[in-house]
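# Analysis of the macromolecular model
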Amino acid sequence: MVYRLKKDVWYVGRCCECGACISTCSKNILRSPRDGDHPELEVREKRIGSSHIVVDTCFFCEKPCEDSCPRLREWEKGQILHTVTVTSRLPDTSIVNALLIASIRRKLVDGAVTWDIDRETFKPIPKIVTREEEILTTSGYQYLWHPILEVLNDAIYKKGLKKIAVVGPPCIAQAVKAIRTSNNNKLKVYKNSIYLMIGVFCEGAYTQQLVQEIVDRFDINPYELNRLIMDIKNKVLRIVMQEGLMKGIPLPEIRRYMKQGCARCTDFTAECADISVGTIGLEEKGTMVIVRTPLGERSLKYAFMEKTLKPSETSISLEEIQKLVIDKERRKRAQEIDSLTSLMLESLLGKKSRDEVREKLKIAWR
Ligand code: SF4
Ligand code: SF4
Ligand code: SF4
């Protein structure tokens, strides 16, 4: 059984539903969550005579699911090579799309796993893109959730991509880093295929109930929605309609629709990415880009050379971003409570002594 995933991730509400374990499972027994907050494990049975015996599919496995899980590791702060505020020169104005187009033109990558929206229902969908026309029609990350890494196998085996860019918020960047730094043989194919990670700032992602709330509150249809903007600075969700009109809902009023795993997430700026992109309010000043690795640097340089991006005349200060970084780091407390819950579970199962658990509890509540 997938003991560590269950005990330290699923049962303590820490799963961010990134989908990495679904793709990397060597026996293909993990499925996308339907209603729950974590992937589902398919139970396989063997028939012996007239009885059915449940098979422990995971017993002889190298457990790539655990080695690709971002929630089974502690993450250090990412490096910053430099920051720049930019605006797009493309018609769709998305900075991520501008980076992707330039990276594909210059053959830094041959395709990308990115985010789109079903226009009828405003449901997020993963999209594998290889051509500029496809990229220009993708909506990007809209703070609504899909376990996007579950399409990694399609990108590698169906589309035949060899140098993939992945776009996503910090938890996706952590999963990608877990894969890229793992020595697990079963992760080799993913490790060799993911080439560039473009991170997107994220304070929280929401379930589809948020769309229902917007639709009910403003008496509109999902197809009338254009995009969502998290104006964290003013604590408002901005809703942009197809005809350009903007509506707003205070963030505290939508908190109940935030995904469970987000309450444990402490990374705001995608510290594990090669390059992080984001804004903290409306985009009138431009979008901040944090270059973290030489590969990220190349993708930004290509975007300037291909004239898909240009430096903005105004700039966003790193100090402003740092305030939000510190705010999100406060969620560490929830992580500490999770590890205590795990310990207590182990004690109940007899794997840890009750004295040991009692000691840890004393330290935690000091
Ligand atoms: S232990 Fe192996 S078979 Fe079991 S869920 Fe993980 S990867 Fe799949
Ligand atoms: S890999 Fe992702 S989806 Fe799977 S358990 Fe870990 S956080 Fe959840
Ligand atoms: S808040 Fe964290 S866990 Fe939630 S979507 Fe954003 S990066 Fe992922």
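Below is a summary of the structure that appears in this document. (Residues numbered from 1 in each chain as written. Chains lettered and ligands numbered in written order. Predicted model: local features only at pLDDT ≥ 70, side-chain atom pairs only at ≥ 80, totals over all residues.)

## Points about the overall build of the protein
Across its full length, the protein holds 13 helices and 15 strands. Burial analysis of the protein (366 residues in total) assigns 41% to the buried set. Within the protein, contacts between residues separated by at least 24 positions form 71% of all contacts whose residues are at least 6 apart in sequence. (Helix = DSSP H or I, 4+ residues; strand = E, 2+ residues; numbered from the N terminus. Buried ≥ 20, exposed ≤ 12 C-beta atoms within 10 Å, placed from the backbone. Contact = placed C-beta atoms within 7 Å.)

## So, the sheet that holds strand β13 (residues 275-278)
Spatially, β7-β6-β8-β9-β13-β14-β5-β15 is the arrangement adopted by the 8 strands of the open sheet, whose pairing is mixed. With one partner strand each, in any of the chains shown, β7 (123-129) and β15 (309-311) form the two edges of the open sheet. Strand after strand, the sheet turns through a mean of 30° between neighbouring axes, direction not considered. Two elements, strand β8 (residues 164-168) and strand β9 (residues 194-200), share 5 bridges in a ladder whose sense is parallel. Across the sheet, the residue bridging to Ile-164 is Ile-194, located in β9. The strands touched by helix α4 (residues 95-105) are β5 (82-88), β6 (111-118), β8, β9, β13, β14 (287-291) and β15; relative to β9, the strand with the most contacts, the crossing angle is about 160°. Together, β9, β13, β14 and β15 form the strand contacts of helix α10 (residues 294-305), whose direction differs from that of β14 by roughly 135°. (Pairing = 2+ DSSP bridges. Axes fitted to C-alpha atoms, helices over the stretch in contact; angles between N-to-C directions.)

## Looking at the site of ligand 3
Neighbouring ligand 3 are Cys-16, Pro-169, Pro-170, Cys-171, Cys-202, Gly-204, Ala-205, Lys-259, Gly-261, Cys-262 and Cys-265. Grouping the constituent residues of the shell around ligand 3 by class yields 8 nonpolar, 2 polar and 1 charged. (Near = placed C-beta within 6 Å. Nonpolar A, V, L, I, M, F, W, Y, C, P; charged D, E, K, R; others polar.)

## Notes on the sheet that holds strand β12 (residues 246-250)
Taken in spatial order, the 3 strands make up an open sheet running β10-β11-β12, and their pairing is antiparallel. Of all strands in the sheet, those bounded by a partner on one side alone are β10 (225-231) and β12. Adjacent strand axes in the sheet meet at a mean angle of 20° when their direction is disregarded. Two strands pair when backbone bridges link them, and β10 and strand β11 (residues 236-241) are joined in this way by 6 bridges, in the antiparallel orientation.

## Quick look at the nonpolar core
Judged by nonpolar contacts, the single largest core of 93 residues is most densely connected at Ile-164, Ala-165, Val-166, Val-167 and Ile-198. Counting residues per element, this core draws most heavily on α4, which supplies 8 residues. (Core = buried A, V, L, I, M, F, W, Y, C linked by C-beta atoms within 7 Å.)

## Regarding helix α1 (residues 3-10)
Buried within α1 we find Leu-5, Asp-8, Val-9 and Trp-10. Looking down the long axis of α1, one finds its buried residues gathered within 155° of arc, a one-sided arrangement. (Arc of directions from axis to C-beta.)

## Remarks on α4
In terms of residue burial, α4 counts as a mostly covered element, since 10 of its 11 residues are buried. For α4, the full list of buried residues reads Ile-95, Val-96, Asn-97, Ala-98, Leu-99, Leu-100, Ile-101, Ala-102, Ser-103 and Ile-104. Following α4 by one or two positions, Lys-107 adopts a phi angle in the positive range, close to 60°.

## Section: the environment of Lys-177
Structurally, the position occupied by Lys-177 is in helix α7 (residues 170-180). On the basis of neighbour counts, which here come to 22 C-beta atoms within 10 Å, the residue Lys-177 falls in the buried class. It is 8.7 Å that separates the C-alpha atoms of Lys-177 and Met-197, two residues lying 20 residues apart in sequence.

## Topic: the pairing of strand β3 (residues 44-48)
In terms of burial, β3 is a largely surface element, 0 of the 5 residues being buried. Here β3 pairs with strand β4 (residues 51-55) via 5 bridges, running antiparallel. Bridge pairing links Lys-46 to Ile-53 in β4. Adjacent in sequence and paired antiparallel, β3 and β4 are bridged by 2 residues, among which Gly-49 carries a positive phi angle near 65°.

## Quick notes on unusual backbone geometry
Despite not being glycine, Lys-63 shows a phi value in the positive range, around 55°. In this fold, Lys-63 is placed in the loop between β4 and α3 (64-67). Using a count of 19 C-beta atoms within 10 Å as the deciding quantity, one classes Lys-63 as partly exposed. Phi is positive for Lys-107, which is not a glycine, with a value near 60°. What makes Lys-107 exposed here is the crowd of 9 C-beta atoms within 10 Å.

## Overview of the pairing of β5
Regular strands have side chains that alternate between both faces of the sheet. Sheet analysis places β5 next to β14, joined by 5 bridges and oriented antiparallel. Paired with Val-86 across the bridge in β14 is Thr-287. Bridge analysis of β5 against β15 gives 3 bridges, and the strand direction is antiparallel. Looking at β15, one finds that Ser-88 is bridged to Leu-309.

## Things to note about the packing of α4 against α10
The geometry of α4 relative to α10 is characterised by a closest axis approach of 8 Å and an angle of 90° between their N-to-C directions. Considered as vectors, α4 and α10 are oriented roughly perpendicular to each other. Residue-level contacts link Ala-98, Leu-99, Ala-102 and Ser-103 of α4 to Ser-299, Tyr-302 and Ala-303 of α10. Among the residues making up the contact of α4 with α10, the classes are represented as 5 nonpolar, 2 polar and no charged. (Parallel < 35°, antiparallel > 145°, perpendicular 65-115°, else oblique.)

## Quick word on the environment of Thr-83
Relative to the elements of secondary structure, Thr-83 occurs in strand β5. Using a count of 17 C-beta atoms within 10 Å as the deciding quantity, one classes Thr-83 as partly exposed. Not counting chain neighbours up to four residues away, the residues in contact with Thr-83 comprise Met-288, Val-289, Ile-290 and Leu-318.

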